[in-house]
2 protein chains.
Amino acid sequence: MAGGDNKPHVVIIGGGFAGIYAAKTLKRAPVRVTILDRRNHHLFQPLLYQVATAALAAPDIAAPIRKIFKRQKNVTVLMAEVARIDAGGKRVILTDGEMDYDYLILAAGARDNYFGNPHWAKFAPGLKTIDDALEIRRRVLTAFEKAERETDKKRRRELMTFVVIGGGPTGVELAGALSEIARRTMARNFRNVDPSEARVILLEGSPRVLPPFDERLSESAKRQLQDLGVEVQTGTMVRDIGEGFVETDAETIRAGTILWGAGVKASPLTESLGAELDRGGRVIVAPDLSVPGHAELFAAGDLAAAKSGDDFAPGVAPAAIQMGRHAAMNIKRAVAQKETLPFVYADKGMLATIGRSRAVAQLGRLRFRGWIAWMLWLVIHIFFLIGFRNRVMVLLDWTAAYVTFNRGARIILEGKRGECEDPHPPGS
Amino acid sequence: MAGGDNKPHVVIIGGGFAGIYAAKTLKRAPVRVTILDRRNHHLFQPLLYQVATAALAAPDIAAPIRKIFKRQKNVTVLMAEVARIDAGGKRVILTDGEMDYDYLILAAGARDNYFGNPHWAKFAPGLKTIDDALEIRRRVLTAFEKAERETDKKRRRELMTFVVIGGGPTGVELAGALSEIARRTMARNFRNVDPSEARVILLEGSPRVLPPFDERLSESAKRQLQDLGVEVQTGTMVRDIGEGFVETDAETIRAGTILWGAGVKASPLTESLGAELDRGGRVIVAPDLSVPGHAELFAAGDLAAAKSGDDFAPGVAPAAIQMGRHAAMNIKRAVAQKETLPFVYADKGMLATIGRSRAVAQLGRLRFRGWIAWMLWLVIHIFFLIGFRNRVMVLLDWTAAYVTFNRGARIILEGKRGECEDPHPPGS
């Protein structure tokens with residue numbers, strides 16, 4: 001398919017952080033690179049919750065993969081869906097074709113993990129793709145619209161109840177943003193309901209929110225959430241989810257909107273490798289990030305369980321970037337007949353934002369909370385956004401939102417998933 | 001539903017230009033106003049083709065209706081779908097309820113007219129809503145992605161053929177933008193295909209493009225389109241449309257993407273009025289814009305056939321704004337027991353843009369073409385965009401696009417219409 005010269009062919013599956021940075025690292029290498037992705041865009045996932053909560057437009061946090069590599073002539077980008085990997089035959093099997101490789105970097109990322117309850121997805125969507133974000137935005141905004149029209153008081157209260165499951169960074173960010181939407185953005189926009197009466201409930205199974213953070217920062221995050229009006233319930237396990245309700249070990253909460261941020265598992269492509277996987281479906285890679293038994297096959301990013309020292313590298317963007325670069329560097333070494341090197345994760349710290357002027361940051365031994373942590377978060381996220389236009393647009397949207405408390409993207413798009421729609425329904 | 005005081009209740013169906021300006025005109029009137037719309041946002045339709053062609057993000061040209069009326073306390077905005085109007089009983093029948101009115105302004109707009117061939121809609125989507133625009137964007141960008149992977153030369157050529165049906169402003173704008181995308185934006189982004197070889201064909205049934213314009217401007221528009229590489233076929237009737245082909249009276253064109261901009265018809269809500277309609281389903285209104293036989297029921301915007309002098313007011317935004325204002329003014333007069341006044345359309349001229357520095361404008365006796373017409377178009381569209389944020393964002397996107405030839409919103413969103421999707425498909 002991508003024929004041509006005799007240089008080794010490196011196939012990269014996935015245009016996320018690991019895949020993009022792997023391809024960039026191969027810029028001057030004597031290889032042909034093909035990036036395969038189901039979507040045409042790289043997604044800046046750390047800001048995805050802002051699309052879901054109507055602060056940013058979808059194109060603000062996405063960049064066409066082929067635009068990123070417009071000038072890197074050894075890269076071909078193909079929009080294609082991978083069905084499985086034939087590691088023995090060094091082939092990638094697509095849903096509509098196949099492709100040989102000399103080296104492969106599997107960087108297809110992770111998806112939501114419903115821990116054996118896939119039917120919960122319908123009632124409590126997760127947040128991994130732009131379409132997930134637009135679906136969440138649709139549900140949140142529609143809940144307020146329905147509440148405005150509802151005459152039954154009990155039902156109105158349910159519509160204005162939002163449950164976020166999972167107290168990791170995504171759950172904390174979603175809960176904080178939802179509370180701000182209700183209390184500030186929507187203020188004075190409605191006539192029959194008062195959005196500030198909305199309940200936002202954050203459920204976390206472990207004893208504290210943001211479990212990987214320092215205990216004092218978890219405590220601070222909880223207080224900052226509570227200041228915003230979020231009800232934080234830690235040590236609470238979810239037993240069941242259905243249409244409009246969440247059953248915990250303590251009670252049944254009736255809620256119009258339920259969002260899922262409680263965990264991820266690796267892309268199912270890892271299952272086709274025949275390699276050892278961990279509980280989250282991640283490939284347990286060798287120290288050089290190769291898949292044991294396949295020196296030419298590497299895994300990077302959220303689907304790789306890579307040991308660095310005593311710990312595994314976490315499922316965050318900086319780790320994915322480092323792994324992508326490292327896998328590519330090892331391919332360059334292998335092409336040059338050099339020995340590959342072990343991966344060492346350089347921990348740059350952790351950040352989580354909660355809302356306007358509210359965040360926590362843990363950088364080495366330093367701990368920050370409140371406004372200064374929030375500024376750190378802003379600067380770092382703007383800095384790492386791929387593409388100049390995106391940076392400018394996001395900065396402007398954020399400035400406008402900071403000044404006016406408004407959210408620029410309060411638009412309900414129709415594209416509902418899992419439903420067939422008539423393209424031209426009657427009525428206004 | 002919107003209970004309360006004893007002031008007359010004015011219901012406005014539709015949050016487009018006519019509906020929005022009608023409600024604004026009622027700001028200080030002693031009435032309660034309810035705006036009903038199926039969507040939560042007002043759409044700046046003149047720029048919709050820019051969302052379809054990836055120049056703007058959807059939220060750039062849309063504003064939540066309830067945000068527009070946040071401070072106008074006599075307006076309640078409800079997201080609701082109208083099934084029909086019971087003009088005798090002065091009731092609006094919703095798909096899930098009903099609402100009484102004292103005065104009604106029907107301003108539900110128009111939709112695509114396939115002239116008795118509704119099955120064409122699937123093969124040749126039109127451009128009336130944001131979801132239409134995102135669907136067109138998806139088809140156009142996906143066509144290039146598929147061409148990049150296609151090995152069969154003939155099939156590749158088909159994928160890179162784009163047919164736009166209809167040579168009015170929407171068709172001209174779409175065709176010009178498509179040609180620019182292929183020749184400039186996509187340049188050097190692909191490895192296996194050369195986007196500048198794409199064919200863009202504009203089909204128009206009448207002898208010239210932009211029929212309502214002065215003949216010399218039509219000729220100029222045609223030349224400007226041809227300079228951009230668009231094949232303009234006037235006097236060409238479409239006989240049939242199917243999967244990947246358009247049959248005209250001259251030939252059958254195989255094309256991967258077919259877009260429809262050949263005409264509109266009024267919202268089917270007009271049928272429930274029992275009033276006389278024209279061929280396009282528009283209500284033939286009395287001089288004061290009321291529906292004959294119903295002094296309390298007005299029609300405004302694209303669904304109203306309003307005579308002004310010898311001609312009917314055209315289906316453009318300025319006419320909709322003027323009709324909306326006039327209908328509201330007549331309601332104010334009726335409430336004050338004054339006689340209603342006849343509508344007079346003030347023609348502000350016509351503008352159509354073709355591409356970068358290319359446009360035609362007809363303002364009174366003045367004719368403009370090329371760069372100066374394009375600047376006029378830019379200034380007027382920025383000026384009338386609803387909402388400060390939208391203006392700034394659109395200006396920035398345009399400036400960036402002008403400098404870089406890039407388009408900021410080249411993101412394929414998934415939400416396909418008319419198809420059921422698995423929320424979590426396998427693969428990368």
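Residues numbered from 1 in each chain as written. Chains lettered and ligands numbered in written order. Predicted model: local features only at pLDDT ≥ 70, side-chain atom pairs only at ≥ 80, totals over all residues. Heavy atoms only, no water.

Asks: What's the story with the overall build of chain A in this structure? I'm lost.
Replies: Helix and strand counts for chain A stand at eleven helices and 27 strands. Against the compact-globule benchmark of 22 Å for 428 residues, chain A has a radius of gyration of 22 Å, which places it among compact chains. Looking at chain A as a whole, 57% of its 428 residues qualify as buried. Nonlocal contacts in chain A, meaning residues at least 24 apart in sequence, comprise 65% of its contacts between residues at least 6 apart. With an accessible surface of roughly 17,200 Å², chain A has 51% of that area assigned to carbon and sulfur atoms. Measuring between centres, the 59 positive side-chain charges of chain A sit 6 Å from its 48 negative side-chain charges. (Helix = DSSP H or I, 4+ residues; strand = E, 2+ residues; numbered from the N terminus. Rg over C-alpha atoms; globule rule 2.2 N^0.38 Å. Buried < 20%, exposed > 50% of the residue type's maximum accessible area, 1.4 Å probe, protein only. Contact = heavy atoms within 4.5 Å. Areas by Shrake-Rupley, 256 points an atom, 1.4 Å probe, with all protein chains shown as cover. Lys, Arg positive; Asp, Glu negative; His and termini not counted. Charge placed at Lys NZ, Arg CZ, Asp CG, Glu CD.)

Asks: Please clarify how the relation of the copies chain B and chain A should be interpreted in this entry.
Replies: For the pair of chain copies, the relating transformation is a rotation about an axis with a translation along it. Under the fitted operation, chain B is carried onto chain A by 0.0 Å of movement along the axis and a turn of 180 degrees, and the coordinates agree to an RMSD of 0.0 Å. Each copy turns onto its partner about a two-fold axis. A share of 100% of interface residues in chain B that are also interface residues in chain A marks the association as one of identical surfaces. (Least-squares fit on C-alpha atoms with pLDDT ≥ 70 in both.)

Asks: Explain the pairing of strand E21 (residues 294–299) of chain A to me, please; I cannot follow it from the model alone.
Replies: Residue and element names in this part refer to chain A. Burial analysis of E21 places five of its six residues in the buried class, the great majority of the element. Across three bridges, strand E9 (residues 103–106) lies against E21 in parallel orientation. Across the sheet, the residue bridging to Ile105 is Phe298, located in E21. Direction of pairing for strand E20 (residues 290–291) relative to E21: antiparallel, over a ladder of two bridges. Residue pairing across strands places Val291 opposite His294, the latter belonging to E21. (Pairing = 2+ DSSP bridges.)

Asks: Teacher, can you tell me more about the confidence of the model for chain A here?
Replies: Fine structural detail should not be taken from predicted coordinates in areas where pLDDT scores are low. All names here are of chain A. In the predicted model, chain A carries a mean pLDDT of 91, and 95% of its residues have values of at least 70. Long-range and interchain partners of residues 416–428, a stretch whose pLDDT sits below 50, account for 37 contacts in this model, where long-range means more than four residues apart. Scoring of the predicted complex yields 0.89 for pTM and 0.85 for ipTM. (pLDDT = per-residue confidence, 0-100.)

Asks: Can you walk me through the side chain of A:Glu296 in this structure?
Replies: Residues and elements named next belong to chain A. For Glu296, the position within the fold is in strand E21. Buried and without a salt bridge, Glu296 has Lys90 as its closest oppositely charged side chain, separated by 4.9 Å. Apart from the residues lying within four places of it in its own chain, the contact partners of Glu296 are Ala87, Lys90, Tyr101, Asp102, Tyr103 and Leu104. (Salt bridge = Lys/Arg side-chain N within 4 Å of Asp/Glu carboxyl O.)

Asks: I keep staring at the interface of chain B and chain A and nothing clicks. Help me out?
Replies: When the parts come together, some accessible area is lost, and that loss is often what is quoted as the size of the interface. With 75 residues of chain B in contact, the opposing surface of chain A contributes 76 residues. When the two sides are added together, the surface that chain B and chain A hide from each other amounts to roughly 6,900 Å², 51% of it contributed by carbon and sulfur. In this assembly, chain B and chain A are joined by four salt bridges. Its salt-bridge partner being B:Arg66, residue A:Glu145 comes within 2.7 Å of it at the nearest N-O pair. Our count for the contact surface shared by chain B and chain A stands at 20 residue pairs in polar contact (both at pLDDT 80 or more). Going through the elements one at a time, strand E4 (62–64), helix H3 (65–68), strand E5 (75–79), strand E10 (110–112), helix H4 (130–149) and helix H10 (388–404) of chain B are the ones with two or more residues in the side of chain B that touches chain A. Top contributing element to the side of chain B that touches chain A by residue count: H4(B), with eight residues. When grouped by side-chain class, the residues that make up the side of chain B that touches chain A number 35 nonpolar, 14 polar and 26 charged. (Buried area = accessible area lost by both parts, 1.4 Å probe. Polar contact = N/O pair within 3.5 Å; in protein donor to acceptor, adjacent residues only side chain to side chain. Nonpolar A, V, L, I, M, F, W, Y, C, P; charged D, E, K, R; others polar.)

Asks: Would you mind going over the packing of aromatic side chains with me for this structure?
Replies: Aromatic ring pairs are defined here through the distance separating the ring centres and the angle between the ring planes. Overall, the coordinates contain 14 aromatic pairs over all chains when judged by the stated rule. Ring centres of B:Phe144 and B:Phe190 lie 6.1 Å apart, and the angle between their planes is 40 degrees; on these two criteria the pair is classed as tilted. Highlighted residues: B:Phe144 in helix H4 and B:Phe190 in the loop between helix H6 (169–185) and strand E12 (199–203), separated in sequence by 46 residues. Exposure class is identical for B:Phe144 and B:Phe190. Each is buried. Ring-pair connections join several aromatic residues into one group, and the members of that group are A:Tyr114, A:Trp120 and A:Trp260. The lysine or arginine in question, A:Lys24, covers the ring of A:Tyr21, its NZ or CZ lying 6.0 Å from the ring centre. (Phe/Tyr/Trp six-rings, centres within 6.5 Å; stacked < 30°, edge-to-face > 60°. Lys NZ or Arg CZ within 6 Å of the ring centre and 35° of its normal.)

Asks: What am I meant to see in the sheet that holds E9(A) here?
Replies: Backbone-to-backbone hydrogen bonds join strands into a sheet, with any given pair of strands oriented parallel or antiparallel. All names here are of chain A. The sheet built from six strands is open, its strands ordered E5-E2-E1-E9-E21-E20 with mixed pairing. The sheet is open, and its two edges are formed by strand E5 (75–79) and E20, each paired on a single side. The strands that helix H1 (residues 17–25) touches are strand E1 (9–13), strand E2 (32–37), E5 and E9; relative to E1, the one it contacts most, it runs at about 160 degrees. (Axes fitted to C-alpha atoms, helices over the stretch in contact; angles between N-to-C directions.)

Asks: Help me out: how do you make sense of unusual backbone geometry in this one?
Replies: Peptide bonds are mostly trans, and most non-glycine residues show a negative phi. Residue and element names in this part refer to chain A. Look at Gln337: it is not a glycine, yet its phi comes out positive at around 60 degrees. As for its placement among the helices and strands, Gln337 is situated in the loop between helix H9 (317–335) and strand E25 (350–355). Given a relative accessible area of 74%, Gln337 falls into the exposed group.

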